[in-house]
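Examining the three-dimensional arrangement
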Amino acid sequence: MLSTTERTRLNRAKHKTRTERADLFDVLDHGLLCHMAVVVDGTPLALPTCHARIGDTLYLHGSTGARSLRQGSEVCVTVTVPDGLVLARSAVHHSFNHRSAMVLGTPRVVEDESERLAALRAIVDHLVPDRWDQVRAPSERDLAKTRVLALPLEEASVKVRTGGPNDEPEDAELPVWAGELPLTLTVGEPRPDPGRQVEVPLPGHVARMVGRAW
């Protein structure tokens, strides 16, 4: 179960709340992109980045030169998986079905080399499974430029919306189409790097991604 706090408790639309850790893991593991919000020099910033989960820890990475990763202060990380556009009979009731998660906490800078490599492997393989073993491993120079953050999944919330529009009863007879337009993120045909110097056949781990849907 997720431990609800004052900051993670939904005050409106409480029926959208999910309290099982499995729901949190589902959103984090299916979402390909997260946003990390942090205040830098008094300015709020929301930064898109890649992530991966190992057990009860969320890992993020970025440049060692990024001010947002040097703060040592609290952050808010969000992940959203869009599932469908909801078209209502009235303008104000349009919405979208989705699964979303919010994680609050103070991330730890990962210093241990084995943990850093495990986190970076998880992030790469989260995007394309089995990719890590096919590419050049990070060099010491690469690692010197890369900062890895570990955020414990201790304070988090999950919200899920499903179903059709929530129209007003008096709008039910309006001659307006209403319903859901499902959304699916699907991997298309691979586009080889036009600047590549070596001819390489499409590897199996990439071919398996074609047509994959989230």
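Since we're looking at a predicted model, the values are computed, not measured.

Let us look at the sheet that holds strand β5 (residues 57-63). In spatial order, the strands read β4-β5-β9-β8; together these four strands make up an open sheet with antiparallel pairing. One side of each edge strand has no neighbouring strand; the edge strands of this open sheet are β4 (51-54) and β8 (108-109). Here β5 runs beside strand β9 (residues 146-152); their pairing, made up of seven bridges, is antiparallel. Note on β9: the bridge partner recorded for Gly62 is Arg147. Against the sheet, helix α2 (residues 113-127) touches β4, β5, β8 and β9, its axis set at about 115° to β4.

Turning our attention to the pairing of strand β6 (residues 75-87). Pairing of strand β2 (residues 34-40) with β6, which is carried by four bridges, proceeds in the antiparallel orientation. Looking across to β6, one finds that Ala37 is bridged to Cys76. In the sheet, β6 pairs with strand β7 (residues 95-105) via eleven bridges, with the strands oriented antiparallel. Within the sheet, the bridge partner assigned to Gly84 lies in β7 and is Asn97. Where β6 and strand β11 (residues 179-182) come together, four bridges link them in antiparallel fashion. Bridge pairing in β11 links Leu87 to Gly179.

Once that is clear, we can look at α2. Compared with an ideal rise of 1.5 Å per residue, which puts 15 residues at 21 Å, α2 spans 22 Å between its outermost C-alpha atoms and is within 8% of the ideal. Listed in full, the buried residues belonging to α2 are Arg116, Ala119, Leu120, Ala122, Ile123, Asp125 and His126. Where the residues of α2 are buried, they touch α1 (21-30), β4, β5, α3 (140-145) and β9.

Here we take up the packing of aromatic side chains. If you walk through the whole model with that rule in mind, you get zero aromatic pairs. Lying over the aromatic face of Phe25, Arg53 brings its terminal NZ or CZ to 3.8 Å of the ring centre.

How each quantity is defined
Residues numbered from 1 in each chain as written. Predicted model: local features only at pLDDT ≥ 70, side-chain atom pairs only at ≥ 80, totals over all residues. Heavy atoms only, no water. Pairing = 2+ DSSP bridges. Helix = DSSP H or I, 4+ residues; strand = E, 2+ residues; numbered from the N terminus. Contact = heavy atoms within 4.5 Å. Axes fitted to C-alpha atoms, helices over the stretch in contact; angles between N-to-C directions. Expected span 1.5 Å × (residues − 1). Buried < 20%, exposed > 50% of the residue type's maximum accessible area, 1.4 Å probe, protein only. Phe/Tyr/Trp six-rings, centres within 6.5 Å; stacked < 30°, edge-to-face > 60°. Lys NZ or Arg CZ within 6 Å of the ring centre and 35° of its normal.

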